[in-house]
Amino acid sequence: MTVFDILVNYHVAFLQGLGVTIKLCLIIWSVGIVGGIILGVAGAYRRRTWGRFIRGMSFGFSAIPTLVVLFWLHYPAQAAFNVVIDPFYTAAFTLSLVNIFGVGESVRQAIVDFPRQYILAGRVCGMTTPQIVRYIQLPILFRQLLPTMLIIQVSMLHASLFASLISVEEIFRVAQRINSAIYRPIEIYTALALFFLLVCLPINLSAAYLKKRYTRDMSER
Amino acid sequence: MLTAKNITFGYTGTPIIKDISLAIKPGEITVLIGPSGCGKTTLLRCLALLDRPQQGSIDIEDRTFAYPWPPEKEFVPPWPVVTTVFQSLFLWPHLTLRKNVLLPVRLRGTSDGMEKLNELIEAFDMKDFINRYPNEASLGQRQRVALARALMLRPRYLLLDEITSALDVEQISKILDFLKRLRGKDIGIFLITHLLGFARHAADQVLFMADGEIAESGGPEILKTPKTERLFQFLSVVAAAS
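It should be emphasised that the depicted structure is a prediction, and the values quoted were computed from it without experimental measurement.

**Student:** Which residues make up the overall build of chain B, and what values do they have?
**Tutor:** Each helix and strand in chain B was counted, giving 7 helices and 10 strands. A globule of 242 residues ought to have a C-alpha radius of gyration of about 18 Å, and chain B, at 18 Å, matches this closely. Projected onto its principal axes, the C-alpha coordinates of chain B cover approximately 50 × 50 × 35 Å. Between the centroid of the 29 positive side chains of chain B and the centroid of its 27 negative side chains there is a distance of 4 Å.

**Student:** Mind laying out the sheet that holds strand β3 (residues 29-33) of chain B, listing which residues take part and the relevant values?
**Tutor:** Residue and element names in this part refer to chain B. The strand order β6-β7-β8-β3-β9-β10 describes an open sheet built from 6 strands, whose pairing is mixed. Each of the sheet's edge strands pairs with one partner strand only, and the pair in question is β6 (82-85) and β10 (213-218). If you compare each strand with its neighbour and ignore which way they point, the axes differ by 20 degrees on average. In this sheet, strand β8 (residues 188-192) lies alongside strand β7 (residues 157-161) in parallel orientation, the contact comprising 5 bridges. Its bridge partner being in β8, Y157 is matched across the sheet by G188.

**Student:** Give me the lowdown on the state of the cysteines, citing residues and values where you can.
**Tutor:** For the structure on display, the rule yields 0 disulfides over all chains. Counting only cysteine sulfurs, C25 of chain A is the nearest neighbor of C200 of chain A, a cysteine outside any disulfide, at a range of 8.9 Å. Its sulfur unpaired, C46 of chain B is 13 Å from the next cysteine sulfur, which belongs to C38 of chain B.

**Student:** Help me get a handle on the sheet that holds strand β1 (residues 2-11) of chain B, residues and values and all.
**Tutor:** Strands belonging to one sheet form pairs held by backbone hydrogen bonds; the direction of such a pair is parallel or antiparallel. Residue and element names in this part refer to chain B. Read from one edge of the open sheet, 4 strands run β2-β1-β4-β5, paired in antiparallel fashion. Both outer strands of the open sheet, β2 (14-24) and β5 (63-67), are each paired with one neighbouring strand and no more. Here the average twist between neighbouring strands, direction ignored, is 20 degrees. As judged from the 7 bridges shared by β1 and β2, these two strands associate in the antiparallel manner. When the bridges of β2 are listed, L2 appears paired with I24. Relative to β2, helix α1 (residues 40-47) is tilted by about 60 degrees, and along the sheet it contacts β1, β2 and β4 (55-60).

**Student:** Before we move on, can you summarise the pairing of β1 of chain B with the specific residues and values?
**Tutor:** Residue and element names in this part refer to chain B. The element β1 is largely enclosed, with a buried count of 7 among its 10 residues. Counting the residues in the hairpin turn of β1 and β2 gives 2 residues, including T12, whose phi is positive at 45 degrees. With 5 bridges joining them, β1 and β4 adopt antiparallel strand pairing. Across the sheet, the residue bridging to K5 is S57, located in β4.

**Student:** Please provide a residue-by-residue account of the side chain of T193 of chain B, values included.
**Tutor:** Residue and element names in this part refer to chain B. Following the sequence through the fold, T193 ends up in the loop between β8 and α6 (196-202). Only 2.9 Å separates the side chain of T193 from the backbone nitrogen of L195, close enough to count as a polar contact. With sequence-adjacent residues up to four places away left out, T193 is seen in contact with V31, L32, I33, E162 and T164.

**Student:** Tell me about the interface of chain A and chain B, residues and numbers included.
**Tutor:** Listed as interface residues are 22 residues of chain A and, on the opposing side, 23 residues of chain B. Counting the surface lost from both chain A and chain B, the interface buries some 2100 Å², and carbon and sulfur atoms represent 66% of this. Linking chain A with chain B are 0 salt bridges. Scanning the region where chain A abuts chain B turns up 4 residue pairs in polar contact (both at pLDDT 80 or more). For the side of chain A that touches chain B, the secondary-structure elements that each account for two or more residues are α7 (116-124) and α8 (129-159) of chain A. Counting residues per element, the side of chain A that touches chain B draws most heavily on α7 of chain A, which supplies 7 residues. Of the residues belonging to the side of chain A that touches chain B, the class tally is 11 nonpolar, 5 polar and 6 charged.

**Student:** How would you explain helix α3 (residues 47-63) of chain A if you had to name every residue and give the values?
**Tutor:** All of the buried residues along α3 of chain A are G51, I54, S58, G60 and F61 of chain A. Each element contacted by the buried residues of α3 of chain A is listed here: α2 (11-45), α4 (66-74) and α6 (87-112) of chain A.

**Student:** How would you summarise the side chain of E216 of chain B if you had to cite specific residues and measurements?
**Tutor:** All names here are of chain B. By secondary structure assignment, the location of E216 is in strand β10. It turns out E216 is buried and unbridged, and the closest side chain with the opposite charge, K227, is 4.8 Å from it. Among the polar contacts made by the side chain of E216, one reaches the main-chain amide nitrogen of K227 at a distance of 2.7 Å.

**Student:** Report on a nonpolar patch on the surface, specifying residues and quantitative values.
**Tutor:** Residues and elements named next belong to chain A. A cluster of nonpolar side chains, contributed by I33, I37, V41 and Y45, occupies part of the molecular surface with about 320 Å² of accessible area. For I37, the location among the structural elements is in helix α2. In this structure I37 comes out as partly exposed when scored by relative accessible area, which is 37%.

**Student:** I'd like a description of the pattern of salt bridges, backed by residues and values.
**Tutor:** Residue and element names in this part refer to chain A. Following the criterion strictly, the structure yields 12 salt bridges over all chains and no others. Where R108 meets E105, a salt bridge forms, and the shortest distance between an N and an O atom there is 2.9 Å. Separated by 3 residues within a single helix, R108 and E105 lie in helix α6, roughly one turn from each other. This pair shows no difference in class: R108 is buried, exactly as E105 is.

**Student:** Tell me about unusual backbone geometry, and name the residues and values.
**Tutor:** All names here are of chain B. For the bond running from Y67 to P68, omega is 0 degrees, close enough to zero to count as cis. Residue placement: P68 occurs in the loop between β5 and β6. At N6, a position not held by glycine, the phi torsion is positive, near 50 degrees. Note that N6 resides in strand β1. Given a relative accessible area of 39%, N6 falls into the partly exposed group. In this structure, D211 is a non-glycine residue whose phi angle is positive, near 50 degrees.

Parameters and conventions
Residues numbered from 1 in each chain as written. Chains lettered and ligands numbered in written order. Predicted model: local features only at pLDDT ≥ 70, side-chain atom pairs only at ≥ 80, totals over all residues. Heavy atoms only, no water. Helix = DSSP H or I, 4+ residues; strand = E, 2+ residues; numbered from the N terminus. Rg over C-alpha atoms; globule rule 2.2 N^0.38 Å. Lys, Arg positive; Asp, Glu negative; His and termini not counted. Charge placed at Lys NZ, Arg CZ, Asp CG, Glu CD. Pairing = 2+ DSSP bridges. Axes fitted to C-alpha atoms, helices over the stretch in contact; angles between N-to-C directions. Disulfide = S-S within 2.5 Å. Contact = heavy atoms within 4.5 Å. Buried < 20%, exposed > 50% of the residue type's maximum accessible area, 1.4 Å probe, protein only. Polar contact = N/O pair within 3.5 Å; in protein donor to acceptor, adjacent residues only side chain to side chain. Buried area = accessible area lost by both parts, 1.4 Å probe. Salt bridge = Lys/Arg side-chain N within 4 Å of Asp/Glu carboxyl O. Nonpolar A, V, L, I, M, F, W, Y, C, P; charged D, E, K, R; others polar. Patch = residues over 30% accessible without salt bridge, like charges linked within 9 Å, V, L, I, M, F, W, Y side chains within 5 Å. Areas by Shrake-Rupley, 256 points an atom, 1.4 Å probe, with all protein chains shown as cover.

If you want it as structure tokens, here you go:
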């Protein structure tokens, strides 16, 4: 059975799995980016409280494997609180949390490291604080953060595979189930790779467009 | 008039400028000279209201900024009535040089921005590079743009920190001629420079700073016949170096 045969025969199952993966990622991306930006801004302006909290949490999530956090929240936490939560929501919550602190720390760091001289130049030119934020800080921060944000979001897409290990019927779990039935691992995982390429293509195209439109080498020549 | 009275500023108890008083009059060029590290830029930052002295006061037209400034009192400097061009220029890297010059003036709602910009492009010979980004222009080109950005705002007092350091002789001459013309527009210019020739020919007032103090001041004649030993030594060193 070739990769093409697998795609034809199991396309319904694959598309269902892909649908779950995309739904999961849309939640993780939107919650992570919005929450991360809010948290990052809070951390930059409240360095001793929110700033330290974000740094600590971000360090924790980068040091502890995401899979371990996922298992903690799926098995012991639910047992401790005597609740049963749909694994999809547990995965969405856990990965959103990881994304929030990843994005939050990047945003916090970018704001803290923002060159003050550009703000100063705006002030002596008579610009108000909202004008400086809108026309100077935000465009420069956006250009700085865009590549990092995209890398984090693609890594979150990859991390969504872990959801299969707590029984979320996403695309990797679908691939595993098909494999257990026909045992053609190379062809099945190649088909899986094609689906990931399909998902990543629009992300990469949008990234390329945004990079072309908004970023340029600003270093001194 | 922009007047500083007995201003003292320092970090952690060590004064960088000590008990300095001076006046910058509209339509006059005040040149500040002195050895490196004597506090010239710090003085400029205090006059531009970027740093707040521990003592003294600064009057700008009818407004008084008396120090120490009470922490609970709102500090609203009259920028860009008084504005500054920094030695490091601080052009915004994401905007072209043209947009760097136009952004502040557009945000102020000034209608004749393009006309004024064209005039400055002509005066500072910026036509060939005005559409480039700051990192695509030479330091000398950026210095001209930073000066143009400040001038677009029609300031009453213009504080300039070594803005000709990277220019060639021809460009220095053009810019300094332009500064001389600004006198006629009633703009008070405060210029930190090492160009003693310009100070001799164009300054209305020369201040010599050493060790955080104004060691000598007067008309350009003090550069020919210094009264203090310290200025004499400084001029001798500059003459020997050139």
